[in-house]
Amino acid sequence: MSLSALTYIARRGMATKLTVKSLAIIGSGQMGAGIAQVAAATGHKVVLCDTAGDILEKAQAGIHKSLQRVVKKKYADDPEKGQEFITNTMANIETTTEPAKAVVTADLVVEAIVENLAVKQDLFRTLDKFAPAKTIFASNTSSLPITAIADSTKRQDKFAGLHFFNPVPIMKLVEVVRAPGTSQEVYECLMDFSKAIGKHPVTCKDTPGFLVNRLLVPYMLESVRLYERGDGSKEDIDVAMKLGAGYPMGPFELLDYVGLDTCKFIIDGWHELEPENPLFEPSQLLNELVAAGKHGKKTGEGFYKY
């Protein structure tokens, strides 16, 4: 190959290299606010969007409080530098209640709203009309098919999953979910972005639950079945997995932490997709607890009382 041809290829590669400097985050709950914090703390310009001003104010207050905890550990010997870190991070975050406005200058849009396929599709269908052609779309869904969400847009090549873990400022993992239509350039860009915000990305195809939840949710449901059969108490099962497997939490403690309603939603969705798969068989006990409003720590009672 000639030198001129190599030069052309190199220049072309440089020209098509995608980078993320600014992003819009739709949804300012625990996940959305966490993503906003880590992105802003690493110098990215963030527009955080939600349905009401008071929700956004609450999110900003939560981010500020989280940053204070970071400063207490990271800048214990230099309070002035710590305060500067907080000021600079908060300055990188703007808020809006208008999704169309949030995406007009974004290199990347990360959706972190309710786990409902139709709602996500409606959102991305709207955003697709206002975001620049260059803008990459990503969903933070933990259980819904990325392809099904991407099909609501005309940019399947610029659509992927970007699944963070809770709490985002602490958990290092990000699952970069590559759908069949996701381009190589977009995939590489999201891998680079994940590293730039201090995370460790892993790659996964668009399969139910991706990597972590595909293993974790059936494990938690099998623990419930073990308990339902009377093979062991929930307390003993939790202790067994902590002391025997080295897990920081037992499966019932984890279920209560994640939310029983969330786990039910995930397993019901998977069961609908693959009704013959025994790993995705719903639990009667879990259904009863959710129906009774016992969703775990957030409601004060789940498998345990809080």
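Rules used in this analysis
All residue numbers refer to positions counted from 1 along the written sequence of the respective chain. Side-chain atom pairs in this predicted model are given and counted only at pLDDT of 80 or more, local residue features only at pLDDT of at least 70, and totals for whole chains, interfaces and linings cover all residues. Working from all heavy atoms in the structure, the side-chain values ignore hydrogens and water. All axes here are fitted lines through C-alpha atoms, helices being fitted over the stretch that makes contact, and every angle between N-to-C directions spans 0 to 180 degrees. Helix and strand assignments come from DSSP, with helices taken as H or I runs of at least 4 residues and strands as E runs of at least 2, each series counted from the N terminus. Our angle categories are set so that under 35 degrees counts as roughly parallel, over 145 as roughly antiparallel, 65 to 115 as roughly perpendicular, and the remainder as oblique. Here is the rule for handedness: rotate from the far helix to the near one, and if that takes an anticlockwise turn smaller than a right angle the crossing is left-handed, while a clockwise turn gives right-handed. For this analysis, residues touch if any pair of their heavy atoms sits within 4.5 Å. In the scheme used here, Gly and all other residues not listed as nonpolar or charged are polar, with Ala, Val, Leu, Ile, Met, Phe, Trp, Tyr, Cys and Pro taken as nonpolar and Asp, Glu, Lys and Arg as charged. When two rings of Phe, Tyr or Trp (its six-membered ring) have centres within 6.5 Å they constitute a pair, described as stacked for plane angles under 30 degrees, edge-to-face for angles over 60, and tilted for the intermediate range. Burial status follows relative accessibility: with a 1.4 Å probe on protein chains alone, a residue under 20% of its type maximum counts as buried, one over 50% as exposed, and anything between as partly exposed. In this description, the arc belongs to the directions extending from the helix axis to the C-beta atoms. Think of it this way: DSSP has to see at least two bridges between two strands before they count as a pair. What counts as a salt bridge is simple: a side-chain nitrogen of Lys or Arg found within 4 Å of a carboxyl oxygen of Asp or Glu. Among buried residues, those of type Ala, Val, Leu, Ile, Met, Phe, Trp, Tyr and Cys that are joined through side-chain atoms within 4.5 Å constitute a nonpolar core.

Draft legend 1. Examining the packing of helix 9 (residues 212–228) against helix 10 (residues 234–244) more closely. As a packed pair, helix 9 and helix 10 sit with axes 10 Å apart at the nearest point and diverge in direction by 140°. Taken together, the axes of helix 9 and helix 10 are oblique relative to one another. In this structure, the crossing between helix 9 and helix 10 has a hand that is right-handed. Residues Tyr219, Ser223, Leu226 and Tyr227 of helix 9 form the contact with helix 10, whose participating residues are Lys234, Ile237 and Met241. Across the contact of helix 9 with helix 10, the residue classes tally to five nonpolar, one polar and one charged.

Draft legend 2. A look at the packing of aromatic side chains. Per the counting criterion, the structure on display carries eight aromatic pairs. Between Tyr75 and Phe85, the ring centres sit 5.6 Å apart and the planes meet at 35°, which makes this aromatic pair tilted. Here Phe85 lies in helix 4 (residues 79–91) and Tyr75 lies in the loop between helix 3 (53–74) and helix 4, a separation of ten residues in the sequence. Accessibility classification places Tyr75 together with Phe85 in one group, the buried group.

Draft legend 3. Layout of the environment of Ala291. Tracing the chain through its elements places Ala291 in helix 13 (residues 284–291). The exposure class of Ala291 is exposed, given its relative accessible area of 71%.

Draft legend 4. How the structure looks around helix 10. Among all positions of helix 10, only Lys234, Ile237 and Asp238 are buried. Down the axis of helix 10, the sector holding all buried residues measures 100°, keeping them to one side. In this structure, helix 10 carries Asp236, Leu243 and Gly244 as exposed residues pointing more than 90 degrees from its buried face. Looking at the buried residues of helix 10, the elements they touch are helix 9 and helix 11 (251–258). Remark: Gly246 follows helix 10 within two positions and exhibits a positive phi of approximately 75°.

Draft legend 5. Quick look at the sheet that holds strand 8 (residues 200–205). Taken together, the eight strands give an open sheet; going across it, the order is 3-2-1-4-5-6-7-8, and neighbouring strands pair in mixed fashion. For this open sheet the edge positions go to strand 3 (93–96) and strand 8, each flanked by a neighbour on one side alone. For this sheet, the mean inter-axis angle between neighbouring strands, taken without regard to orientation, is 25°. Judged from the three bridges that link them, strand 5 (residues 136–139) and strand 6 (residues 159–164) form a sheet pairing that is parallel. Bridge pairing links Ser139 to Gly161 in strand 6. Against the sheet, helix 3 makes contact with strand 2 (45–49) and strand 3, and its axis sits at roughly 160° relative to strand 3, the strand it touches most. Sitting on the sheet, helix 6 (residues 117–130) touches strand 1 (22–26), strand 4 (108–111), strand 5 and strand 6, and the angle it makes with strand 5 is about 170°.

Draft legend 6. View of the pattern of salt bridges. With the rule as written, the count across this model stands at 15 salt bridges. For Glu235, the salt bridge goes to Lys234, with nearest N and O atoms at 3.6 Å. When its relative accessible area of 38% is taken as the criterion, Glu235 is described as partly exposed. When salt bridges that share partners are traced, they join Glu222, Arg225, Arg229 and Asp231 into one network.

Draft legend 7. View of the nonpolar core. Counting 40 residues, the largest nonpolar core has Leu108 and Leu162 as its most contacted members. When residues of this core are assigned to their parent elements, the largest contribution, seven residues, is made by helix 2 (residues 30–41). Counting 22 residues, the second-largest nonpolar core is a separate cluster that includes Ala24, Val47, Ile146 and Ala150.

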